[in-house]
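An overview of the molecular structure
Now for the letters of each chain:
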Amino acid sequence: MSILLPIILFFVGLACVIKGADWLTDGAANIARMYGIPSIVVGLTIVAVGSSAPEFVVSVVSAINGNNDMAIGNVVGSNIFNILGIIGLTAMVRPIQAERANIRYDIPFMVLANVVVAITICDKLLDPGNTAINCISRTDGLLMLCLFAIFMSYTMSIANNADKKQGQTTQEAAGEESETSQERSGKKLWKSIALVVIGLVILVAGGDWLVEGASGIASTIGISDSIIALTIVSAGTSAPELAASLIAAKKGDTAMAVGNIVGSVVFNVFFVLGTSATITPLGIGNITPFDIYTLLGSSVLMWLMCRFGKTHFTLTRFEGSIMVLLVIAYYTVLVLRA
């Protein structure tokens, strides 16, 4: 089998996944704003979920097709790339000033999410005398979805508090719209609905092509699906987070960059893995303890650097460069392992 076709399929699928997620997010955000939902709520829910839609589609499609390596490797690899690669690059562009709430609540919640991954996957390590296999069971998946609900309740409470401080002005303005404005809003509504539908179709189709292409590349060059998932698939599906964080850093809004990555990591673990495991139990396959330790260590390292680093509550350019070097070292180990 020629490697050219899987490569084309992979990149076409990746482009469709990213563009589909972009259209889906834009359409959903427009509809939410038309009905007076505050921007902060839209940011914490629709935009955060939309930026992680590529990981969700790839992992769910992989779980349905029985490709556990791709389903788990995509999430583990994406989270490692998000924390070490994206946060590191963002800090190199502009030092990240973390807020006190990030240090006390958000980043520890991210660490907790990765601890949950380690606990649910390493069954043999925790119970060596048992005949259990390393997998994320349906029970584990349902537990993750419950934790995701708790996380969303927490973020929504923050959004509601912020909304009360800003005042409710959106609905008052909406009541004063003229008929012409309402007609324009109607056209915008249908356009937004079309964006959501088309984006969803492209997203699902692209996810299927991406997984098929990645598996084809792996089988053609003779390496496991897990290596492909941990590297090019995870980095590719994290492109929306990378773009959003770098743009936020250039604008000086580094707190948004932190929130974007923390939310993405938590969403990947609790919702993406939770949904995938609920559909079908996920065996660990060729994902090794080294990958899980790297994931857990990266999140702990980020918290330690922000909390006890040279500059209090700030991730410096030097610390960011260390994180980038660490993710390069991790990928080097994966290549040697392959």
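What comes next is a walk through the structure. (Residues numbered from 1 in each chain as written. Predicted model: local features only at pLDDT ≥ 70, side-chain atom pairs only at ≥ 80, totals over all residues. Heavy atoms only, no water.)

**What about the overall build of the protein?**
- Helix and strand counts for the protein come out as 14 helices and four strands.
- Buried residues in the protein amount to 47% of all 338 residues.
- Once local pairs closer than 6 in sequence are excluded, the contacts in the protein between residues at least 24 apart make up 83%.
- Accessible surface, the protein: about 15600 Å² in total, of which carbon and sulfur atoms supply 67%. (Helix = DSSP H or I, 4+ residues; strand = E, 2+ residues; numbered from the N terminus. Buried < 20%, exposed > 50% of the residue type's maximum accessible area, 1.4 Å probe, protein only. Contact = heavy atoms within 4.5 Å. Areas by Shrake-Rupley, 256 points an atom, 1.4 Å probe, with all protein chains shown as cover.)

**Side note on the packing of helix H10 (residues 225-237) against helix H11 (residues 239-250)**
- For the pair H10 and H11, interaxial distance at closest approach is 4 Å and the crossing angle is 50°. When the interaxial angle is binned, H10 and H11 end up oblique. Residues Ala235, Gly236 and Thr237 of H10 form the contact with H11, whose participating residues are Ala239, Pro240 and Glu241.
- Class assignment of the residues belonging to the contact of H10 with H11 gives a composition of three nonpolar, two polar and one charged. (Axes fitted to C-alpha atoms, helices over the stretch in contact; angles between N-to-C directions. Parallel < 35°, antiparallel > 145°, perpendicular 65-115°, else oblique. Nonpolar A, V, L, I, M, F, W, Y, C, P; charged D, E, K, R; others polar.)

**Description of the nonpolar core**
- Grouped together as the largest cluster of nonpolar side chains are 58 residues, with contacts concentrated most on Phe270 and Met302.
- Elements represented by at least two residues in this core include exactly helix H4 (68-93), helix H5 (100-121), helix H7 (138-166), H10, helix H12 (254-279), helix H13 (289-308) and helix H14 (317-337).
- Ignoring any residue separated from it by four or fewer positions in sequence, one finds Met302 in contact with Ile83, Ile87, Ile107, Met110, Val258 and Met323.
- One finds Leu14, Val58, Ala218 and Val233 within the second-largest nonpolar core, a separate group that totals 19 residues. (Core = buried A, V, L, I, M, F, W, Y, C linked by side-chain atoms within 4.5 Å.)

**Some remarks on H5**
- Compared with an ideal rise of 1.5 Å per residue, which puts 22 residues at 32 Å, H5 spans 32 Å between its outermost C-alpha atoms and is within 8% of the ideal.
- Along its length, H5 reaches its greatest deviation from straightness, about 30°, at Asp106, and the proline Pro108 lies no more than four positions downstream. (Expected span 1.5 Å × (residues − 1). Bend = angle between axes of the 7 residues up to and from the residue.)

**Quick look at the packing of aromatic side chains**
- Here the structure, examined in full by the defined rule, presents nine aromatic pairs.
- Plain terms: the ring middles of Phe148 and Phe267 are 5.7 Å apart, the flat faces sit at 70° to each other, and that makes the pair edge-to-face. Of this pair, Phe148 sits in helix H7 while Phe267 sits in helix H12; the two residues are 119 residues apart in sequence, bridging distant segments of the chain. An identical accessibility class is assigned to Phe148 and Phe267; each is buried.
- Measuring from ring centre to ring centre gives 4.9 Å for Phe148 and Phe271, while their planes differ by 40°; the resulting arrangement is tilted. Taken together, the residues span a long stretch of sequence, with Phe148 in helix H7 and Phe271 in helix H12 at a distance of 123 residues.
- Using a relative accessible area of 25% as the deciding quantity, one classes Phe271 as partly exposed.
- Through pairs of rings, three or more aromatic residues link up here, namely Phe56, Phe148, Phe267 and Phe271. (Phe/Tyr/Trp six-rings, centres within 6.5 Å; stacked < 30°, edge-to-face > 60°.)

**Considerations on the packing of H13 against H14**
- Between H13 and H14, the shortest axis-to-axis distance is 12 Å and the interhelical angle comes to 175°. The angle between the axes of H13 and H14 places the two elements in the roughly antiparallel class. In this structure, H13 contributes Phe290, Asp291, Thr294, Leu301, Met302 and Met305 to the contact, and H14 contributes Glu319, Ile322, Met323, Leu326, Tyr330, Val333, Leu334 and Arg337.
- Grouping the amino acids of the contact of H13 with H14 by side-chain chemistry returns 10 nonpolar, one polar and three charged.

Purely geometric numbers; function is a separate question.
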